[in-house]
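Single-letter residue listing:
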Amino acid sequence: MAQELETALLGAVGTGPVESGDFAATHNVPHLQLVGLLKSLQASDMITMEDIDHSRIVLTAEAQGYLGKGSPEAQVFAAVPPEGISLAEIKKQLGAAGDVGFKQAMQSKWVAIDKSGGEPRVVRKVESVQDRVLEVLTAVAAGKESGASDAELAALKKRKLIAVEQWKTYTVGKGAAWAPQRKKAATELTAEMLQKGSWREETFKEYNFNALGQLPAGGHLHPLLKVRTQFRKIFTQMGFEEMPTNNYVESSFWNFDALFQPQQHPARDAHDTFFLTKPAATPASNFPQDYLQRVKETHQHGGYGSIGYGYDWKIAEAEKNLLRTHTTAVSSRMLYRLAQEGFRPAKYFSIDRVFRNEAIDRTHLAEFHQIEGVVCDYGLTLSDLIGTLAQFFDRLGLKKLRFKPAFNPYTEPSMEIFSYSEQLEKWIEVGNSGMFRPEMLRPMGLPEGVNVIAWGLGLERPTMILYNIDNIRDLFGHKVSLSMVKQNPVCRLGL
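Every value quoted in this text rests on a predicted model; they were computed, and no experiment measured them.

*Asks:* Got a sec to walk through the overall build of the protein chain? Specific residues and values, please.
*Replies:* A count of helices and strands for the protein chain gives 19 helices and 14 strands. The globule rule puts the C-alpha radius of gyration for 495 residues at 23 Å, and the 44 Å found for the protein chain is more than 25% above it. Overall, the C-alpha framework of the protein chain stretches about 125 × 100 × 40 Å when taken along its three principal axes. Per-residue burial over the protein chain gives 42% buried out of 495 residues. Each charge class in the protein chain was averaged separately, 56 positive and 57 negative side chains, and the resulting centres sit 1 Å apart.

Spelled out as structure tokens, the structure:
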């Protein structure tokens, strides 16, 4: 059918200009369908098209209801008997037309209100009327000239009884590439064309060098990467230096012993930590020997104001390899290096992955990301820690903080950090903090009077809050939806 219509149109255009509305009516097809064919042929330069604008007056649905009944004002006039009638009775008889018609009849001075008898009654003011509105509406419905003046038509349009309907047709003529039939242009040169030589007679579609083309598929940033970038910016703006965190595998010595965490601590059990089987241990010869002895002595007998733990510290426990349980293991290495290179005040931070042997549920995974900040200088106190935390979390947009005393093996005093979330409308725990113990710092060789304040928090929890993610497995792991990664919004912390 489409091919037959195209052939008929091209044939008609070959004999002279064609009016698209007449052609559509002759071939009994909707004009809109024909327009699609016309634009396709115009794009191939086979025809030309010139617009023809049309308009006509048509009745609205309300006006169509008055045909055969009369205009509302005429209906009201006809409903008024010689003795008059109440307005309520007119509205009861005529419904909505009674209300509209009474107003128009009053404007035309066909009826009036008579209050001489006590109760107001509608009475006629003239003997007869000419329903000019009905005459115009009937003529418009029949498609005839109504003979109405511009003022009459404007009034009917204002009353929403008529509307102007506009449409467009086209004068169709021959284009530069007109032909009785359209031959589809080839879009590529094939091996078969070259072999047979048919490319010489073939018409090829022109290249559009201005076309933008299909956008290449690019990568997308995971929400964790976006939030991590924001945290990194906050740390660097506060003058912090990022620590190298590229060693997921760590020895128990740097992960636990250097932090003054006893070897019988529950966190060092296999049900809390992932221990490696190959290589299962780091030889003790790889540790600084003098530092190793000071750590051993502090664990067994104490020192620096401490009595120690009073147990037999075993080198075999310190040699065990594991997947690091916190990035504080990196902090211990950095602080030891700082002490050996000659102490200077420093501020460090890290954001990287840690591993714990935990049961997986909607809020816990066996691997997650830890954010850690460390400040070391002479004379630091708990007030410095609280002030630094206030500045740090203020940049995150968390301005209301509370602190609760807590216990950590390697910090004293220790505090849990709580903040009021405007988004969740409640207080939530946002991190842990404290001051590193002398039993951890002095064996490293840090001078007397040097204190270290530190705090840490997870990356996943704030990301889940920011992106309204209820289950951590929808954020990180093999169950993450790729569409979520592609469509997640920009992250701006503290705005």
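*Asks:* Let's hear about the sheet that holds strand β14 (residues 450-458): which residues, and what values?
*Replies:* A sheet is described by the order of its strands in space; here seven strands give the open sequence β6-β9-β10-β14-β13-β12-β11, paired in mixed fashion. Each edge of the open sheet is held by one strand with a lone partner, namely β6 (241-242) and β11 (401-408). In this sheet, strand β13 (residues 426-436) lies alongside strand β12 (residues 411-421) in antiparallel orientation, the contact comprising nine bridges. In the sheet register, Phe-418 faces β13, and the bridge partner there is Glu-429. Sheet strands in contact with helix α15 (residues 328-340) are β9 (346-355), β10 (367-378), β13 and β14, and its direction is about 25 degrees off that of β10. Seen against the sheet, helix α16 (residues 382-395) touches β11, β12, β13 and β14 and runs at an angle of roughly 35 degrees to β14.

*Asks:* Would you mind going over the side chain of Thr-169 in detail, with residue names and values included?
*Replies:* Looking at the secondary structure, you find Thr-169 in strand β5 (residues 162-174). A distance of 2.6 Å separates a polar atom in the side chain of Thr-169 from a polar atom in the side chain of Glu-19. Polar contacts involving the side chain of Thr-169 include one to the side chain of His-54, which spans 2.5 Å. Setting aside anything within four residues of it in sequence, one finds Thr-169 in contact with Glu-19, Ser-20, Gly-21, His-31, Glu-50, Asp-51, Ile-52 and His-54.

*Asks:* Go over the environment of Tyr-348, please, and point to the residues and values.
*Replies:* With respect to the helices, strands and loops of the structure, Tyr-348 is situated in strand β9. When its relative accessible area of 3% is taken as the criterion, Tyr-348 is described as buried. When the C-alpha positions of Tyr-348 and Glu-89 are compared, they lie 90 Å apart, and in sequence the two are 259 residues distant. Residues in contact with Tyr-348, not counting those within four places in the same chain, are Phe-240, Glu-241, Met-243, Met-334, Leu-338, Glu-372, Gly-373 and Val-374.

*Asks:* Residue-level account of the nonpolar core, with values.
*Replies:* Core analysis: the largest hydrophobic core is formed by 36 residues, its most contacted members being Phe-231, Phe-392, Phe-393 and Trp-455. Those elements that place two or more of their residues in this core are α11 (223-237), β9, β10, α16, β12, β13, β14 and α18 (460-466). The leading source of residues in this core is α11, at five residues. Tyr-311, Ala-339, Cys-376 and Ala-454 belong to the second largest nonpolar core, which has 33 residues in total.

*Asks:* Account for a nonpolar patch on the surface, with residues named and values stated.
*Replies:* A cluster of nonpolar residues, Leu-189, Leu-194, Trp-199 and Phe-204, forms a patch on the protein surface that exposes about 390 Å² of accessible area. Examined against the element boundaries, Trp-199 turns out to sit in the loop between α10 (191-196) and α11. Classification of Trp-199 as partly exposed rests on a relative accessible area of 36%.

*Asks:* Describe in detail the environment of Asp-377, supporting the description with residues and values.
*Replies:* Tracing the chain through its elements places Asp-377 in strand β10. For Asp-377, a relative accessible area of 27% corresponds to the partly exposed category. Here the alpha-carbon distance between Asp-377 and Pro-262, two residues 115 residues apart in the chain, equals 26 Å.

*Asks:* Can you tell me about unusual backbone geometry, naming the residues and giving the values?
*Replies:* A cis amide bond links Lys-278 with the next residue in sequence, Pro-279, at an omega value of -5 degrees. Relative to the helices and strands, Pro-279 resides in the loop between α12 (252-255) and α13 (289-301). Residue Pro-413 follows Glu-412 across a cis peptide bond; omega there is 0 degrees. Looking at where Pro-413 falls in the secondary structure, it is placed in strand β12. Of note, the phi angle at Lys-109 is positive, near 60 degrees, even though the residue is not glycine. Relative to the assigned elements, Lys-109 resides in the loop between α7 (96-107) and β3 (111-114). Note on Lys-109: relative accessible area 57%, which makes it exposed. A positive phi angle, near 55 degrees, is found at Asn-468, a position not held by glycine.

How each quantity is defined
Residues numbered from 1 in each chain as written. Predicted model: local features only at pLDDT ≥ 70, side-chain atom pairs only at ≥ 80, totals over all residues. Heavy atoms only, no water. Helix = DSSP H or I, 4+ residues; strand = E, 2+ residues; numbered from the N terminus. Rg over C-alpha atoms; globule rule 2.2 N^0.38 Å. Buried < 20%, exposed > 50% of the residue type's maximum accessible area, 1.4 Å probe, protein only. Lys, Arg positive; Asp, Glu negative; His and termini not counted. Charge placed at Lys NZ, Arg CZ, Asp CG, Glu CD. Pairing = 2+ DSSP bridges. Contact = heavy atoms within 4.5 Å. Axes fitted to C-alpha atoms, helices over the stretch in contact; angles between N-to-C directions. Polar contact = N/O pair within 3.5 Å; in protein donor to acceptor, adjacent residues only side chain to side chain. Core = buried A, V, L, I, M, F, W, Y, C linked by side-chain atoms within 4.5 Å. Patch = residues over 30% accessible without salt bridge, like charges linked within 9 Å, V, L, I, M, F, W, Y side chains within 5 Å. Areas by Shrake-Rupley, 256 points an atom, 1.4 Å probe, with all protein chains shown as cover. Salt bridge = Lys/Arg side-chain N within 4 Å of Asp/Glu carboxyl O.

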